[in-house]
Amino acid sequence: MLRSFWSWGCIYCFIVFVAAAPWPMTRERQTSSQTISFSREILPIFNENCFRCHGLQKQTSNLDLRSRAGLLKGGQHGPAIVPGDADASHLFRRVAGLEKPSMPLEGELDPSEIEMLRRWINQGAPWDGEQTEATTAVPHSSAEVVPAIVHGMETAPQARRFWAFRKPVRSAVPQVKSVGWSLHPIDAFLMRAMEEKGLTPAPRADRYTLVRRAYLDLIGLPPSPDEVKAFVNDTALDAWENLIDRLLASPHYGERWGRHWLDVARYADSSGFEEDVDRPTAWRYRDYVIRSFNMDKPYNLFIAEQLAGDELDWVTFDSKIATGFLRAGPRVMDREKDNPEYRFNYLDDMIATTAQGILGLSVQCARCHDHKFDPIPQMDYYRLQAVFFPYVDVDHYLAPQQEVKSYLACKELIEGQIKSLREEISRIEAPYRDKFFIDKVLNRFPKDAQIAVKTPEEQRTPGQKLLANQLFQVVVSLERVPSEALEGMLAPEDREKRSGLLGEIKKLEAQLPQTPPSSIGVTDGDYRFAPEGFGDQPAPGKRIKINPELQGSFLPKGDKPYQPPPSYFLMGGDMQRRGAEMQPGFISAITEGNPPTAIQPAHKQTSGRRRALAEWITSPDNPLIARVIVNRIWHHHFGRGIVTPLNNFGRMGERPTHPELLDWLACEFVSRGWSIKQMHRLIMSSNTYQMASHFDSAENEKIDPENRMLWRFRMQRLDAETLRDSILAVTGKLNRQVGGPPVFPKIDPLVLASKKRGTWKIQEEGPEVWRRSVYVYRRRGLPFPFFQLFDLPDQTVTCPQRDVSTVATQALTLLNNEFVLHQAELLAKRIAAEAGQGFQAQVAYAYQIVLSRQVTEEEKRLGLEFLEKRRQHHDKLGNQAALVGLSHVLLNLNEFVYTR
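Each value, and the rule that gives it
The residue count restarts for each chain, going from 1 along the sequence in the order it is written. Where totals are concerned, whole chains, interfaces and linings use all residues; where local detail is concerned, this predicted model gives features only for residues with pLDDT of at least 70, and gives and counts side-chain atom pairs only at 80 or more. Note that the side-chain values use all heavy atoms of the structure and ignore hydrogens as well as water. Think of it this way: any DSSP run of H or I at least four residues long counts as a helix, any run of E at least two long counts as a strand, and we number them from the N terminus. Think of it in three bands: residues with accessible area under 20% of the maximum for their type are buried, residues over 50% are exposed, and the middle band is partly exposed, with areas taken using a 1.4 Å probe on protein chains only. The contact definition used throughout considers only heavy atoms, calling two residues in contact when any of these lie within 4.5 Å. Residue exposure ignores everything except the shown protein chains as possible cover, and the areas themselves are Shrake-Rupley values with a 1.4 Å probe. Confidence of the predictor in every single residue is expressed as pLDDT, which spans 0 to 100. His residues and chain termini do not enter the charge count, which takes Lys and Arg as positive and Asp and Glu as negative. Here, a salt bridge means any Lys or Arg side-chain nitrogen found within 4 Å of an Asp or Glu carboxyl oxygen. Whenever two N or O atoms come within 3.5 Å, that pair is a polar contact, provided that in protein one can donate a hydrogen and the other can accept it, and provided that, for residues adjacent in sequence, both atoms are side-chain atoms. Take the number of residues in a helix, subtract one, and multiply by 1.5 Å to get its expected span. What is meant by a nonpolar core is a set of buried Ala, Val, Leu, Ile, Met, Phe, Trp, Tyr and Cys residues, joined one to another through side-chain atoms within 4.5 Å. Our working definition of a disulfide is a cysteine sulfur pair at a distance within 2.5 Å. Axis angles are defined between N-to-C directions and span 0 to 180 degrees, where every axis is a line fitted to C-alpha atoms and, for a helix, only to the segment in contact. Each angle receives one of four descriptions, namely roughly parallel if under 35 degrees, roughly antiparallel if over 145, roughly perpendicular if within 65 to 115, and oblique otherwise. Here the term charged refers only to Asp, Glu, Lys and Arg, the term nonpolar to Ala, Val, Leu, Ile, Met, Phe, Trp, Tyr, Cys and Pro, and the term polar to all other amino acids, Gly among them. Handedness of a crossing is defined here by the sense of rotation of the near helix relative to the far one, left-handed for an anticlockwise turn of less than a right angle and right-handed for a clockwise turn.

**Quick look at the overall build of the chain**
So, step 1. Broken down by element type, the chain carries 36 helices and six strands.
So, step 2. With 900 residues in all, the chain has 53% of them scored as buried.
So, step 3. Within the chain, contacts between residues separated by at least 24 positions form 71% of all contacts whose residues are at least 6 apart in sequence.
So, step 4. Approximately 41,700 Å² of the chain is accessible, and the part contributed by carbon and sulfur atoms is 54%.

So this is what it looks like as structure tokens:
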């Protein structure tokens, strides 16, 4: 009945629209000399695109477009039009894309409509009959549109006109004048843009620069002198291609490129927030990502496993581990049952990370209201929430099924016995804890609070109940009875009984079976029956009680098909204002037809909603998934995406600098089997990638000062992890072991003392912790200081691209940091051991190790002068102290800290 009601409402709106529009509805092209009719030419444009946000019921930014006076008055940004001057009118500049955000939000106007508005404003914006109100132009007021969206109205067709919502189309590779740039598709697209703008591309970089660039780019480590020499002396025509293949086959490739995805996945080893609880098996997800990149797992499968690894036809240990993607975000981990809103925040985190990281859309903006800029209604948000709503957090055991069943049965039996014993201990302790609270704590509070607590619960007034509950909630959760105080309060018989129960618990705990290997992840269940975990004990009076008539279990049991718990539309995002029960669905603006919203697996123990989402997202018909990932790959190769920012392909993002190239790459990516390594080979084999970064051209600088057209290679500062890894690599002390639990490099004890909650094991500097930086423990509440200084991203949200700052503390760290100083000493020892004792040979070899190239004559002269002065200054320490100084200088050079 509800569906029929809104269907007739939509028909009514259509009838009003047709009545207001000219007949026939198609507008014939007019000559520029003809006067534009507001009612026949402009009103339909306003009616279809503008009155939704600037009409009768809603005036966003205080702008009302229903009258000429409203246009002239304008809104928060001034008058909407300047009659006679379209180029100075905010209204025209927004619809023409000359100002941000572009309008209308639902979709692009046709060029003919933009031209119509331009001519109308230039003609003085005549308003037919000079009436002051366009009273017939309000059929799409918010009073009519918003309820329709809430109850499932489809996104208007014009929303699909926006470039990102249309399927990529493979354009023909353009013909260009430069013969050398016409042989490679990427070069041809970029050269056409350069030729149109009169830009001259930089020459090819030298071989020393290229080999270092490739190594740092693909594996995040500088090449050794022998590796540089092998490439420089390789005269084969395919030497460059062979180098790329060798690097892509390296186990260290996944460590470098997996780190990029871990930023997107907001991976960390702790929960964040106040408690910052350790996640001891989270590292298995990190290793899954590294393995996936190393084996060149097709990107569509990589995404499907992370969204629905427990629902696929081929459930494996890896696919279960992959669901850690949905669990990687921050969690409060304290009194979660007292605060059901936390679950909705976690769902929002899943939606935000999935939409931004995979589709480049900020869907989470529609949690409380329709998206302000993109055609994403609130209904789409809650359809997506219904997809994820059945999730529950679990530990996926990585052992044979029968072994896991035996383990769980034994564990459940013993833990049930332990729980009964703990409940008995709580009953013994309860009166003593209450007495401690009343005697030692309650007297700190006002008399009315003391009276409220001391009054029996059934005799309390409503005000006393509220006061007592608040007091228990705030105080009892913070005031813990000291164990020694409790022990001293117990009567002898209670002390003896309690001690015996504790002894029984200790015996039972010793009988618990050894836990099989596991990894954190998700599956479908019913959160309402979740077992208590860390910090879940509710404060007095705050327990969220389950309806006793409600039957169910945390995880499905038996052979009955799984039924997900209900989820609801939340008015304004408020969980207390439930609307209709929601069914799963996707983003309507990029959904064609009626794809399935649930594909239940054969075992029927999950809903299959996440699997349906995975299939919709990874479909070749999805216009965004391929565009977003090839844009990420492009960004990490060139330091800037074809679209920026990487996580926003909506209206608030920038338009592509090379739209046809982006679509060509997206189509090529899918046709090559969703292979990321194939995209590396394609991009890196282009002239564009092999250009020099040092190329001075005054004309180019004048035309394109930001190098958006890529007329030279963009220099990029090493990220924090690559910088640390490079330092360890050139000293020869890098531990190249792949995978495993995280390591804990040294942190100043004063810093650790300031962050007491959370985990940071004390490990001495040495080979055990000198591993790749991707394996350093990621603590949300205390990021590793060296990484944070060099722009480690916020680990609580998905990160599209890292900030790159240049601040004094970075230079001071490279000059004074204990780790860097120690590594400079180790580098000096390596140089002396491998180059011999002569300063000349040492200077030459130092440049080969640290900068991957030959030393110039000028650099050799300066290096020798430096060493002589240092030797004289450190006469007692001799040549080695001088060499330590040179090593330290080289680690501080821009050429070492940047990729050229």
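What follows continues from the structure just given.
**So, the confidence of the model for the chain**
So, step 1. Residues at a pLDDT of 70 or more form 88% of the chain, whose mean pLDDT is 87.
So, step 2. Taken together, the stretch residues 1–31 has pLDDT below 50 and engages in 27 contacts with residues farther than four places along the chain or on a different chain.
So, step 3. Of the regions scoring below 50 in pLDDT, residues 129–154 engages in 58 contacts with residues more than four places distant in sequence or in other chains.

**As for the side chain of E311**
So, step 1. Here E311 is to be found in the loop between α13 (299–308) and α14 (317–322).
So, step 2. Notably, E311 is buried but unbridged: the nearest opposite-charge side chain belongs to R610, and the N-O separation is 4.1 Å.
So, step 3. There is a polar contact of 2.7 Å between the side chain of E311 and the backbone nitrogen of G608.
So, step 4. Of the polar contacts made by the side chain of E311, one reaches the backbone nitrogen of R611; its length is 2.9 Å.

**Side note on helix α35 (residues 879–891)**
So, step 1. Between its terminal C-alpha atoms α35 stretches 19 Å, which fits the 18 Å expected from 13 residues at 1.5 Å a residue.
So, step 2. Those residues of α35 not exposed but buried are A881, A882, L883, G885, L886, S887, H888, L890 and L891.
So, step 3. Packed against the buried residues of α35 are α28 (720–731), α31 (808–816), α32 (818–835), α33 (839–851), α34 (857–873) and α36 (894–897).

**Quick word on the nonpolar core**
Nonpolar side chains in soluble globular proteins tend to be buried together.
So, step 1. Counting 178 residues, the largest nonpolar core has W261, Y285, Y299, W634 and L665 as its most contacted members.
So, step 2. When neighbours within four sequence positions are excluded, L665 is seen to be in contact with I186, V630, W634, I642, M679 and L682.
So, step 3. L43, F51, L91 and L109 belong to the second-largest nonpolar core, a separate cluster that totals 25 residues.

**Quick notes on α13**
So, step 1. Among the 10 residues that make up α13, eight are buried, leaving the element largely enclosed by the rest of the structure.
So, step 2. Considered for burial, the residues of α13 that qualify are Y299, F302, I303, A304, E305, Q306, L307 and A308.

**So, the state of the cysteines**
The term disulfide refers to a covalent linkage connecting the sulfur atoms of a pair of cysteines.
So, step 1. Under the criterion given, the structure shown has zero disulfides.
So, step 2. Free cysteine C368: the closest other cysteine sulfur is in C365, separated by 9.9 Å.

**Quick look at unusual backbone geometry**
So, step 1. Omega for the peptide link from T644 to P645 comes to -10°, which places this bond in the cis form.
So, step 2. Even without being a glycine, W674 presents a positive backbone phi close to 60°.
So, step 3. Secondary-structure assignment places W674 in the loop between α25 (659–671) and α26 (676–684).
So, step 4. Here W674 falls in the buried class, since its relative accessible area comes to 7%.
So, step 5. Not every positive phi belongs to a glycine, and D791 is a case in point at roughly 70°.
So, step 6. Summarising the element assignment, D791 is placed in the loop between α30 (785–789) and α31.

**Looking at the packing of helix α16 (residues 341–359) against helix α17 (residues 378–388)**
So, step 1. For the pair α16 and α17, the least separation of the axes is 10 Å and the interaxial angle reads 105°. It follows from the interaxial angle that α16 and α17 lie roughly perpendicular. Mapping the contact onto sequence places F344, L347, D348, M350, I351 and T354 in α16 and Y381, L384, Q385 and F388 in α17.
So, step 2. Residues belonging to the contact of α16 with α17 are distributed by class as follows: seven nonpolar, two polar and one charged.

**Looking at the side chain of D524**
So, step 1. Residue position: D524 is located in strand β2 (residues 518–524).
So, step 2. Within the structure, D524 has its side chain in polar contact with the side chain of S607 (distance 2.7 Å).
So, step 3. Among the polar contacts made by the side chain of D524, one reaches the side chain of R610 at a distance of 3.1 Å.

**A closer look at the pattern of salt bridges**
So, step 1. Summed over the entire model, instances satisfying the criterion amount to 53 salt bridges.
So, step 2. Residue D310 pairs with R610 through a salt bridge whose shortest N-O separation is 2.9 Å. With D310 in the loop between α13 and α14 and R610 in helix α23 (residues 609–617), this pair connects stretches of sequence that are 300 residues apart. For the pair D310 and R610, one class covers both residues: buried.
So, step 3. Put simply, R627 and D663 hold a salt bridge, and the shortest N to O gap is 2.7 Å. Here the residue R627 occupies a position in helix α24 (residues 625–638), and D663 occupies one in helix α25, the gap between them amounting to 36 residues.
So, step 4. Residue D663 is classed as buried on the basis of its relative accessible area, which comes to 12%.
So, step 5. The structure contains a network of salt bridges with shared partners spanning R259, D263, E721, R778 and R802.

**A short note on the packing of helix α11 (residues 251–264) against helix α12 (residues 283–294)**
So, step 1. For the pair α11 and α12, interaxial distance at closest approach is 7 Å and the crossing angle is 120°. As far as their axial angle goes, α12 and α11 are oblique. Seen from above, α11 lies across α12 with right-handed handedness. Together, P251, Y253, G254, E255, W257, G258, W261 and L262 of α11 and Y285, R286, V289, I290, F293 and N294 of α12 make up the contact between the two elements.

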